Amino acid sequence: MLMRCLLLLLVLIMTGCTTPNEAPQEAATWPNPRWVAQESGTDALIIGMHAVDENVVWASGQQGTFVRTTDGGETWDAGVVPDADALEFRDVHGIDASTAYLLSAGTGEASRIYKTTDAGDTWALQYVNDEPEGFFDCMSFWDAERGIAMSDAVDGEFILIATEDGGTTWTRINPAIVPDAFPGEGSFASSGTCLITKPGGHVWFGTGASGVETRIISSADYGQTWQVSGTPLPSDTPSSGTYSLAFWDLDHGLALGGDYARPDTLLPSVAYTEDSGKTWQLTDSFPLKGSVFGSSIVPGMPTPTVVAVAPTGSAYSYDGGHTWATLDTLNYWTVAFAGDDIGWAGGPSGRIVRFAAE
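Residues numbered from 1 in each chain as written. Predicted model: local features only at pLDDT ≥ 70, side-chain atom pairs only at ≥ 80, totals over all residues. Heavy atoms only, no water.

1. Some points on the state of the cysteines
Under the criterion given, the structure shown has one disulfide. Through a disulfide, Cys 138 is tied to Cys 194; the S-S separation comes to 1.8 Å. Since a negative S-S torsion denotes a left-handed disulfide, the Cys 138-Cys 194 link at about 120° is right-handed. A residue pair is termed long-range when its members are at least 10 positions apart, and Cys 138 in strand β10 (residues 136-141) and Cys 194 in the loop between β13 (171-172) and β14 (195-198) qualify at 56 residues. In this pair, the class of Cys 138 matches that of Cys 194, namely buried. (Disulfide = S-S within 2.5 Å. Helix = DSSP H or I, 4+ residues; strand = E, 2+ residues; numbered from the N terminus. Buried < 20%, exposed > 50% of the residue type's maximum accessible area, 1.4 Å probe, protein only.)

So, in structure tokens, the structure goes:
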């Protein structure tokens, strides 16, 4: 009996400590991954992007611009929200081919939320920021009716607003229950991914620019209670901190950032968590200089895969962000994936590209 146990132990060690019911995980690889340019129909900077599915994608940007495809990017329809051509739509969230939300960033009344239910033919103005020093950065939705948006801190308090009725009403979450902000602390409206949600009321947002600590602030109950944790990402300048968050599940995720004012410098840019954001550790070998602006989990891959974009290029990781490979060195602000090889990125001059691997 002892010899049989020793032989079994030896077999387990030699096979990576798997049992017959726990086969080794298949390796995730893309043959010849690259971006293929598409015609967006606009020359505006593309900042936000949301892939609803493999066919429907919404994107947003400067000059009050939105673009939409319903055929996977074969054709894109571009438009400008009426009376909003001076606004920068830094975030977009699509519900389906007809319904989407846009968030504009800017000081005071320049921060707004619009909604369409007719594929962009008309837009309803749902929310106008009435705090003169407020500056909204990101929004996200748990479902078609329930969503949340955030602004940089004012007088030491983050401004968080939430809706439970599809944006008909937006109500500020009581600042007394949200962790206080450090002086100067805020987020970065680089792609609309500084705040993300997961089903069941989970939400995380990342901060920076404090000169004290880059932090992740989270809730697991739709914002009724909040937790805060520090990350090892730099926050020593007004332009450094967390720009983007990406979570595979409720426990495992990434905080990505850097410093956009140092585009020629390799910085600590990626941190990972395995406990829902309670603790964070730096990953190695991230190849892009400056700061990550956007990121997207790639669903359907056999290993935890993520794509990150920056003004200095794009990169991907097959192993939860621990090691990375460069895709290219073009300028991107935003990225969104809907499947294992179905994704898009956007950037300056109306740039929209679709992912290809073959």
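Let us keep going from here.
2. Topic: the confidence of the model for the protein chain
Of the residues in the protein chain, 92% have a pLDDT of 70 or more, and the chain-wide mean is 92. Confidence drops under pLDDT 50 across residues 1-24; counting only partners more than four residues distant or on other chains, this segment forms four contacts. (pLDDT = per-residue confidence, 0-100. Contact = heavy atoms within 4.5 Å.)

3. Describing the sheet that holds strand β20 (residues 270-273)
Read across the sheet, four strands follow the order β18-β19-β20-β21 without closing on themselves; strand pairing throughout is antiparallel. On the outer flanks of this sheet lie β18 (240-247) and β21 (281-282), each paired with one strand and no other. Where β18 meets strand β19 (residues 253-259), seven bridges bridge the pair, whose relative direction is antiparallel. The residue of β19 that forms the bridge with Leu 245 is Ala 255. (Pairing = 2+ DSSP bridges.)

4. Details of the nonpolar core
Most often, soluble globular proteins have nonpolar side chains that are buried together. Ile 148, Met 150, Phe 158, Leu 160, Leu 195, Phe 205 and Trp 226 are the most contacted members of the largest nonpolar core, which has 15 residues in total. Mapped onto this core, the elements with two or more residues apiece are β11 (147-154), β12 (157-163) and β15 (202-206). With near-sequence residues (within four places) excluded, Trp 226 lies in contact with Ile 148, Leu 160, Ile 173, Ile 177, Val 178, Pro 179, Val 203, Phe 205, Ile 217, Ser 218 and Ser 219. (Core = buried A, V, L, I, M, F, W, Y, C linked by side-chain atoms within 4.5 Å.)

5. Re the side chain of His 202
The topology assignment puts His 202 in strand β15. Non-local contacts of His 202, meaning those with residues more than four positions away in its chain, are made with Trp 142, Ile 196, Thr 197, Ser 219, Ala 220 and Leu 250.

6. Some points on the pattern of salt bridges
Overall, the coordinates contain six salt bridges when judged by the stated rule. For Arg 146, the salt bridge identified is with Glu 164, shortest N-O distance 3.2 Å. In this pair, Arg 146 is assigned in the loop between β10 and β11 and Glu 164 in the loop between β12 and β13, connecting sequence segments 18 residues apart. Arg 146 sits in the partly exposed class, given a relative accessible area of 26%. Among the salt bridges present, the one from Asp 236 reaches Arg 262, with a minimum N-O distance of 3.5 Å. With Asp 236 in the loop between β17 (227-231) and β18 and Arg 262 in the loop between β19 and β20, this pair connects stretches of sequence that are 26 residues apart. Residue Asp 236 is classed as exposed on the basis of its relative accessible area of 51%. Connected through shared salt-bridge partners, Asp 236, Asp 259 and Arg 262 make up one network. (Salt bridge = Lys/Arg side-chain N within 4 Å of Asp/Glu carboxyl O.)

7. Description of the pairing of β15
Here β15 lies mainly inside the structure; five of its five residues are buried. The alternating pattern of β15 places His 202, Trp 204 and Gly 206 on one face and Val 203 and Phe 205 on the opposite face, and all of these are buried. Relative to β15, β14 runs antiparallel, the two being bridged by four bridges. Bridge assignment links Leu 195 to a residue of β15, and that residue is Phe 205. Hairpin geometry of β14 and β15 is characterised by an intervening segment of three residues between the two adjacent antiparallel strands and by a positive phi of about 90° at Gly 200.

8. Quick look at the sheet that holds strand β3 (residues 57-61)
Read from one edge to the other, the open sheet built from four strands follows the order β2-β3-β4-β5, with strand pairing classed as antiparallel. Edge positions in the sheet fall to β2 (46-51) and β5 (77-80), since each of these pairs with one other strand and no more. Sheet twist, expressed as the mean angle between neighbouring strand axes with direction ignored, is 20°. Across four bridges, strand β4 (residues 65-69) lies against β5 in antiparallel orientation. Across the sheet, Thr 65 pairs through a bridge with Val 80, a residue of β5. (Axes fitted to C-alpha atoms, helices over the stretch in contact; angles between N-to-C directions.)

9. Here's the deal with the environment of Thr 29
Along the chain, the position of Thr 29 falls in the loop between α1 (2-14) and β1 (33-38). For the pair formed by Thr 29 and Gly 200, sequence separation is 171 residues and the distance between their alpha carbons is 32 Å.

10. Concerning the pairing of β18
Of all eight residues in β18, eight are buried; the element is thus mostly enclosed. Between β18 and β19, which pair antiparallel in sequence order, lie five residues.

11. A word on the packing of aromatic side chains
According to the stated counting rule, one finds 25 aromatic pairs in the structure shown. Ring geometry for Phe 89 and Tyr 114: centres 5.7 Å apart, planes at 90°, overall edge-to-face. Here the residue Phe 89 occupies a position in strand β6 (residues 88-94), and Tyr 114 occupies one in strand β8 (residues 112-116), the gap between them amounting to 25 residues. Plain terms: the ring middles of Phe 205 and Trp 226 are 5.9 Å apart, the flat faces sit at 65° to each other, and that makes the pair edge-to-face. With Phe 205 in strand β15 and Trp 226 in the loop between β16 (214-219) and β17, the pair connects residues that are 21 residues apart, well separated along the chain. Look at Trp 226 and you get buried, because its relative accessible area is 11%. Chaining the aromatic ring pairs together yields one cluster made of Trp 30, Trp 35, Tyr 316, Tyr 318, Tyr 332, Phe 337 and Phe 355. (Phe/Tyr/Trp six-rings, centres within 6.5 Å; stacked < 30°, edge-to-face > 60°.)

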